[in-house]
Amino acid sequence: QTMVFAETADFSRRTTVEQLLENLDQCYRRTRNISREHATVATKENFVHGLRSLIAGYNSGPFKVLVTGLDGLDANLLNEEKKVAVHRGVQELLVNMHKHSAASLAVVGFEVENNALVVTYSDNGKGAPASGLNKNGLQIMENRIQALNGSVTFGTGQEKGFQAVIKFPL
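Bear in mind that the values here come from a model prediction, so they are computed numbers and not experimental data.

## What about the overall build of the protein?
Check the secondary structure of the protein and you find 5 helices and 5 strands. Scanning the protein from its N terminus toward the C terminus, one meets helices and strands in the order α-α-α-β-α-β-β-α-β-β. The buried share of the protein, taken over its 170 residues, is 35%. Surface summary for the protein: the accessible area is close to 10000 Å², and the carbon and sulfur share equals 51%.

In structure tokens:
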């Protein structure tokens, strides 16, 4: 659609140029998301290091992400599919923090509790409206985790931040 628009539009108008730039930005974001979705996730001995690097990548500018419990996580407790789901789940939560929540601080925690891995996430962002959470990318994450017998619970309130709990049986 963007290519057809670019070939047929009248670029003497400023609004047309702005529309093309918006369309190109949407193409870029979709391509980047596809690339991230299919990038390799370290699932062997580098799993914790890869997760730590992912999280560290969001510690920049106005964003601060604190991590608890990752140093003590025994990655051998999770199979390869669950490691990928945890990595992608944390990634999706951090992308949402960066793109939507206007948060300045997030905390990601890892804990083994009652023979399950529990990953908690909370931020101090604007949360979501009381009318409901617009999931989009979060729905994909939730489906991936549920397919592996895990669960995701979301909590939010407008101006009350965003919370998520991911839980996998070991």
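## What to know about the packing of helix α4 (residues 80-101) against helix α5 (residues 137-147)
α5 packs onto α4 with a crossing angle of 165° between their chain directions and a minimal axis gap of 10 Å. Overall, the two elements α4 and α5 adopt an arrangement that is roughly antiparallel. Handedness of the α4/α5 crossing: left-handed. Of the residues in α5, those touching α4 at Ala85, Arg88, Gly89, Glu92, Leu93 and Asn96 are Gly137, Leu138, Met141, Arg144 and Ile145. Considering only residue class, the contact of α4 with α5 consists of 5 nonpolar, 3 polar and 3 charged.

## Looking at unusual backbone geometry
Within the chain, Asn115 stands out as a residue other than glycine whose phi angle is a positive 60°. If you check the backbone angles, Asn149 has positive phi at about 65° while not being a glycine. Take Asn149: it is sitting in the loop between α5 and β4 (151-156).

## Side note on the sheet that holds strand β5 (residues 162-169)
Taken together, the 5 strands give an open sheet; going across it, the order is β1-β2-β3-β5-β4, and neighbouring strands pair in mixed fashion. The open sheet terminates on both sides in strands that have one partner only, identified here as β1 (64-68) and β4. Pairs of neighbouring strands in the sheet enclose a mean axial angle of 10°, with direction left out of account. Judged from the 6 bridges that link them, β4 and β5 form a sheet pairing that is antiparallel. When the sheet's bridge partners are listed, Thr153 is paired in β5 with Val165.

## Some points on the nonpolar core
Counting 35 residues, the largest nonpolar core has Val86, Val90, Leu94, Met97, Val108, Phe110 and Tyr121 as the members making the most contacts within it. Residues in contact with Met97, not counting those within four places in the same chain, are Tyr58, Phe63, Val65, Ala102, Ala103, Ala106, Tyr121 and Asp123.

## Describing the packing of aromatic side chains
One pass over the full model with this rule turns up 3 aromatic pairs. Seen in terms of ring centroids, Phe5 and Phe11 are 6.5 Å apart; in terms of plane orientation they differ by 85°. Their pairing is edge-to-face. Judged by relative accessible area, Phe5 falls into the partly exposed class, the value being 24%. The class of Phe11 is partly exposed, set by a relative accessible area of 33%. Here Tyr121 and Phe162 contribute two aromatic rings whose centre-to-centre distance is 6.2 Å and whose plane-to-plane angle is 55°, an arrangement assigned as tilted. You can see Tyr121 sitting in strand β3 (residues 116-123) and its partner Phe162 sitting in strand β5, a full 41 residues away along the chain. A residue is classified by how much of its surface remains accessible, and Tyr121, at 4% relative accessible area, is buried. In this structure Phe162 comes out as buried when scored by relative accessible area, which is 9%.

## Quick word on the pattern of salt bridges
Applying the stated rule across the entire model yields 2 salt bridges. Between Arg14 and Glu18 there is a salt bridge, and its shortest N-O distance comes to 3.2 Å. In this pair, Arg14 and Glu18 are both assigned in helix α2 (residues 14-38), 4 residues apart and thus about one turn of the helix distant. The class for Arg14 is exposed, based on a relative accessible area of 57%. With a relative accessible area of 41%, Glu18 lands in the partly exposed category. For Asp71, the salt bridge identified is with Arg52, shortest N-O distance 2.2 Å.

The rules behind these values
- Residues numbered from 1 in each chain as written.
- Predicted model: local features only at pLDDT ≥ 70, side-chain atom pairs only at ≥ 80, totals over all residues.
- Heavy atoms only, no water.
- Helix = DSSP H or I, 4+ residues; strand = E, 2+ residues; numbered from the N terminus.
- Buried < 20%, exposed > 50% of the residue type's maximum accessible area, 1.4 Å probe, protein only.
- Areas by Shrake-Rupley, 256 points an atom, 1.4 Å probe, with all protein chains shown as cover.
- Axes fitted to C-alpha atoms, helices over the stretch in contact; angles between N-to-C directions.
- Parallel < 35°, antiparallel > 145°, perpendicular 65-115°, else oblique.
- Left-handed = near helix turned anticlockwise from the far one by under 90°.
- Contact = heavy atoms within 4.5 Å.
- Nonpolar A, V, L, I, M, F, W, Y, C, P; charged D, E, K, R; others polar.
- Pairing = 2+ DSSP bridges.
- Core = buried A, V, L, I, M, F, W, Y, C linked by side-chain atoms within 4.5 Å.
- Phe/Tyr/Trp six-rings, centres within 6.5 Å; stacked < 30°, edge-to-face > 60°.
- Salt bridge = Lys/Arg side-chain N within 4 Å of Asp/Glu carboxyl O.

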